[in-house]
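Listed below are the residues making up each chain.
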Amino acid sequence: MNSKQKLSERNIKLILGAILSDLSDEHLDELANATIVRTFLKDEVICHEGDAGSSLFVVSSGRVDVLKQIEEAGEVLLNTFEPGEFFGEMAFFQQGMRSATIRAVEPSVILEIGQDAFLQVLGRSPSLSMHILGKLSARLRDADQWVIVELRQTNEALQRTLAQLEHVLEISRELTSTVALEPLLHKIVALAADLTASASVSILLLDRRSGELRFRAASSDPSGKLFDIPVPVEGSIAGSVFLSGEPLIVADTQSDKRHYDQVGQQIGIDVQSLLAVPLLIKQHSIGVLEAINKQDGRPFSLEDAGTLSALAAQAATAIENARLVEALRSAYEQLGELDRLKSDFISIASHELRTPLSLILGYASVLREQLGEKAGPQLDVVWRAATRLRQIIETMLNLRYLETGEVELVAERFDLRDEVVDACNAYRSLAEANGVNLHVETPSAPLLISADRTKLRLVLDNLLSNAVKFTPWGGKVRVGVNRLQGQAEVIVTDTGVGIPEEAMKRIFNRFEQVEGHMTRRYGGMGLGLAIVKEMVELHGGTVWAESVVGRGSRFVVRLPIVGLTGELGVVRPQE
């Protein structure tokens, strides 16, 4: 905090007379009477924008800096005033300097001559006016020239930075177009070496298994010798950058104990200086980008660090994307192999099971005829189990044919009413055994459609099987057939358990079970509705479901009446 201090009029006159030469005794008396003596501590502000701005300051002791705020460069020094020098507030002499701040560099004593007295003396003494204002103008011209130089230098620096950033942006586009990891890494080190004019640039990525950093690419190591050198995270320059997430410039690597000599020895380069920046993904380090030895022999600069950091930000994202693409490609290949093995298994298992199953059903039928009612119940159990197994095999084969596009649709013209009634009659005994009332309603007029009767029967069987299976004792299943404009509609409605809303979107997916696989009560492989959907769509139709938990479900199938329009499989007329 500045304070006022009284000096004798004689001392003030002596100071003013020594500093402001050519003053008469009369003028000295006037100025001395209007002078305030101020003392300032180190770094204390004497005046700044917003002050009166019309005083004259005389430095009695200490030292004073005049600073100006330049947006791009921050606060810069314009002038320094020593004891025996004077200055006017910038706002009084030049409007453009209103943002200047005057600060004591060290404890100082300043004589401040107020605006009115100062102007009166200047007005009465033209020679004094010229003398003082001339010195002040010279000071301000110096300051202006300094500001111009600073602004020019700042602008040049900004232009260089802008050019570098534009280059990095172009590089970013180039990097994002490369999805193969190894070519991407080599491209990054080549670009980094060019941007920083370095003798060599390398990329180290974290090996998650060992916890060490491993070289993955180096511009001066085409043979890949560095790949055999692990770099510990603890105690190395690269490790320090990896852990801190901050760039690091090492001007003299020989004096840094963290420097890893093996690297330079392996590639035959005497590492003198080094710049390392982290490769970050959402503030998480995945590796380090290192540049060694500027080609012109100069040390790495902050500008180099900024450029390499900007490239590293783009490179880290590109590396992570390339890794994800690589992992996705590998997973896709594995999935394709698993899918092939699954299809092969289904094909082999289905065909291998068909022969013994046919024998079981054949001998069960013969035994029933030979033994009569005596072994009837036991043979019925065998017959039902074998029939169920045959349905599973047929379902698996149909799924495989749909996947491979081997389904053949044989067009046949028939009355849809008859097929629906026949399917319902086939399930009537099962419905009665489960205590379910199965009712079918059809129009009085024939409803002729052109479709594959066998495949359509598969659709009806799956819908009826589900309706009867999921409807509790005493419930109802209703099947309706309708004619729409150019379409035939089959609706299967039950009063069963219903389907939760969150499961409605996936019930037509393969192997989808509304209940848990280990706790489901109703059995099944979760393939029935998937086959229904694909078979209906193969015929050019649509299918959807509506359901309320606890109140039942409603499945709607619509098929074109005019004929088959499916794109899958082979469509040929019945001979």
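Residues numbered from 1 in each chain as written. Predicted model: local features only at pLDDT ≥ 70, side-chain atom pairs only at ≥ 80, totals over all residues. Heavy atoms only, no water.

**Q** Any chance you could break down the pairing of strand β21 (residues 542-548) for me, citing the residues and the numbers?
**A** Where β21 lies against strand β22 (residues 552-560), seven bridges are found, and the strand directions are antiparallel. When the bridges of β22 are listed, alanine 545 appears paired with phenylalanine 555. Once β21 ends, the chain turns through three residues before running back antiparallel as β22, passing glycine 550 with a positive phi of about 85°. (Pairing = 2+ DSSP bridges. Helix = DSSP H or I, 4+ residues; strand = E, 2+ residues; numbered from the N terminus.)

**Q** Would you mind going over the packing of aromatic side chains in detail, with residue names and values included?
**A** Throughout the structure, instances matching the rule amount to one aromatic pair. With a centroid separation of 6.3 Å and an interplanar angle of 80°, the aromatic rings of phenylalanine 508 and phenylalanine 555 are classed as edge-to-face. In this pair, phenylalanine 508 sits in the loop between β20 (487-494) and α13 (528-538) while phenylalanine 555 sits in strand β22, placing the two residues 47 residues apart along the sequence. A single burial state applies to phenylalanine 508 and to phenylalanine 555, both of which are buried. (Phe/Tyr/Trp six-rings, centres within 6.5 Å; stacked < 30°, edge-to-face > 60°. Buried < 20%, exposed > 50% of the residue type's maximum accessible area, 1.4 Å probe, protein only.)

**Q** Talk me through the sheet that holds strand β12 (residues 230-231); I want residue IDs and the actual numbers.
**A** Pairing within the open sheet is antiparallel, and its six strands lie in the order β12-β11-β10-β15-β14-β13. Each edge of the open sheet is held by one strand with a lone partner, namely β12 and β13 (248-250). Here helix α6 (residues 181-196) sits on the sheet in contact with β10 (198-207), β11 (212-218) and β15 (284-294), set at roughly 140° to β10. Across the face of the sheet, helix α7 (residues 237-244) comes into contact with β10, β11, β12, β13, β14 (274-281) and β15 while running at roughly 140° to β15. (Contact = heavy atoms within 4.5 Å. Axes fitted to C-alpha atoms, helices over the stretch in contact; angles between N-to-C directions.)

**Q** Requested: an account of the side chain of glutamate 419, with residues and values cited.
**A** Position of glutamate 419 among the secondary structure elements: in helix α11 (residues 416-433). With a relative accessible area of 6%, glutamate 419 lands in the buried category. With residues near it in sequence (within four places) discarded, glutamate 419 still touches Phe414, Arg453, Arg457 and Leu460.

**Q** Describe the side chain of aspartate 65, and please don't skip the residues or the numbers.
**A** Of note, aspartate 65 is situated in strand β5 (residues 64-70). With no salt bridge to any partner, buried aspartate 65 finds its closest opposite charge in arginine 63, at an N-O distance of 4.6 Å. A polar side-chain atom of aspartate 65 sits 2.7 Å from a polar atom in the side chain of threonine 80. Ignoring sequence-local partners within four residues, the contact set of aspartate 65 consists of Leu77, Asn79, Thr80, Thr101, Ile102, Arg103 and Val105. (Lys, Arg positive; Asp, Glu negative; His and termini not counted. Salt bridge = Lys/Arg side-chain N within 4 Å of Asp/Glu carboxyl O. Polar contact = N/O pair within 3.5 Å; in protein donor to acceptor, adjacent residues only side chain to side chain.)

**Q** Would you mind going over α7 in detail, with residue names and values included?
**A** Those residues of α7 that sit buried are Ile237, Ala238, Gly239, Val241 and Phe242. Looking at the packing, one finds that the buried side of α7 touches β10, β11, β12, β13, β14 and β15. Between a side-chain oxygen at the N-terminus of α7 and the backbone nitrogen of glycine 239 the separation is 2.9 Å; the capping residue is serine 236. Immediately downstream of α7, the backbone of glycine 245 shows phi near 75°, a positive value.

**Q** Explain the sheet that holds strand β17 (residues 437-441) to me, and be specific about the residues and the numbers.
**A** The strand order across the open sheet formed by five strands is β17-β19-β20-β22-β21, and the pairing between neighbours is mixed. The strands lining the two open edges of the sheet, one partner per strand, are β17 and β21. This sheet shows a mean twist of 15° between the axes of neighbouring strands, independent of strand direction. Of the pairings in the sheet, the one linking β20 to β22 comprises seven bridges and is antiparallel in character. Bridge assignment links isoleucine 491 to a residue of β22, and that residue is valine 556.

**Q** Give me the environment of arginine 413: which residues, what numbers.
**A** Within the fold, arginine 413 resides in strand β16 (residues 408-415). On the accessibility criterion, arginine 413 (55% relative accessible area) is exposed. Placed 148 residues apart in sequence, arginine 413 and isoleucine 561 show a C-alpha to C-alpha distance of 9.7 Å. Contact partners of arginine 413, with chain neighbours within four places excluded, come to Leu448, Ile449, Ser450 and Ile561.

**Q** Account for the packing of helix α12 (residues 453-469) against α13, with residues named and values stated.
**A** Across the interface, α12 lies against α13 with an axial gap of 9 Å and an inter-helix angle of 145°. Classified by chirality, the crossing of α13 by α12 is left-handed. Where α12 approaches α13, its residues Lys455, Leu458, Val459, Asn462, Leu463 and Asn466 are matched on the opposing element by Gly528, Leu529, Ile531, Val532, Met535 and Val536. Of the residues that constitute the contact of α12 with α13, the class distribution is eight nonpolar, three polar and one charged. (Left-handed = near helix turned anticlockwise from the far one by under 90°. Nonpolar A, V, L, I, M, F, W, Y, C, P; charged D, E, K, R; others polar.)

**Q** So what's going on with the pattern of salt bridges? Residues and values would help.
**A** Applying the stated criterion to the full structure yields 17 salt bridges. Across the pair arginine 209 and aspartate 207 runs a salt bridge, and its minimum N-O distance is 3.7 Å. Since its relative accessible area comes to 17%, aspartate 207 is described here as buried. Between aspartate 296 and arginine 298 there is a salt bridge; the shortest N-O distance is 2.8 Å. Each of Glu412, Glu419, Asp422, Arg453, Arg457 and Asp461 takes part in a single network of salt bridges with overlapping partners.

**Q** Got a sec to walk through unusual backbone geometry? Specific residues and values, please.
**A** Its identity is not glycine, yet lysine 282 carries a phi of approximately 55°, on the positive side. Relative to the helices and strands, lysine 282 resides in the loop between β14 and β15. Judged by its relative accessible area of 82%, lysine 282 is exposed. Although it is not a glycine, glutamine 283 sits at a positive phi angle of roughly 65°. Looking at where glutamine 283 falls in the secondary structure, it is placed in the loop between β14 and β15.

**Q** Any chance you could break down the environment of aspartate 221 for me, citing the residues and the numbers?
**A** Mapped onto the elements, aspartate 221 comes out in the loop between β11 and β12. Among the residues examined, aspartate 221 registers a relative accessible area of 5% and is labelled buried.

**Q** Account for the confidence of the model for the protein, naming residues and giving values.
**A** Taken over all residues, the pLDDT of the protein has a mean of 77, while the share at 70 or more is 72%. Here residues 1-5 scores under 50 on pLDDT; set against residues more than four positions off or in separate chains, the count is 15 contacts. Ignoring residues within four places in sequence, the model shows residues 516-520, a span with pLDDT below 50, making three contacts including any to other chains. (pLDDT = per-residue confidence, 0-100.)

**Q** An account of the environment of glutamate 234 is needed here, citing residue identities and associated values.
**A** On the secondary structure map, glutamate 234 appears in the loop between β12 and α7. A relative accessible area of 61% means that glutamate 234 is categorised as exposed. Linking glutamate 234 and glutamate 212, residues 22 residues apart in sequence, is a C-alpha distance of 8.9 Å.

**Q** Explain the nonpolar core to me, and be specific about the residues and the numbers.
**A** Among the nonpolar cores identified, the biggest contains 45 residues, and Leu416, Val420, Ile449 and Val479 are the most heavily contacted of them. In terms of residue count, α12 provides more of this core than any other element does, eight residues in total. Sequence-distant contacts of isoleucine 449, defined by excluding residues within four places in its chain, comprise Glu412, Arg413, Phe414, Leu416, Leu456, Ala488, Leu559 and Ile561. In this structure, Leu195, Ala217, Ala291 and Ala312 belong to the second largest nonpolar core, which totals 28 residues. (Core = buried A, V, L, I, M, F, W, Y, C linked by side-chain atoms within 4.5 Å.)

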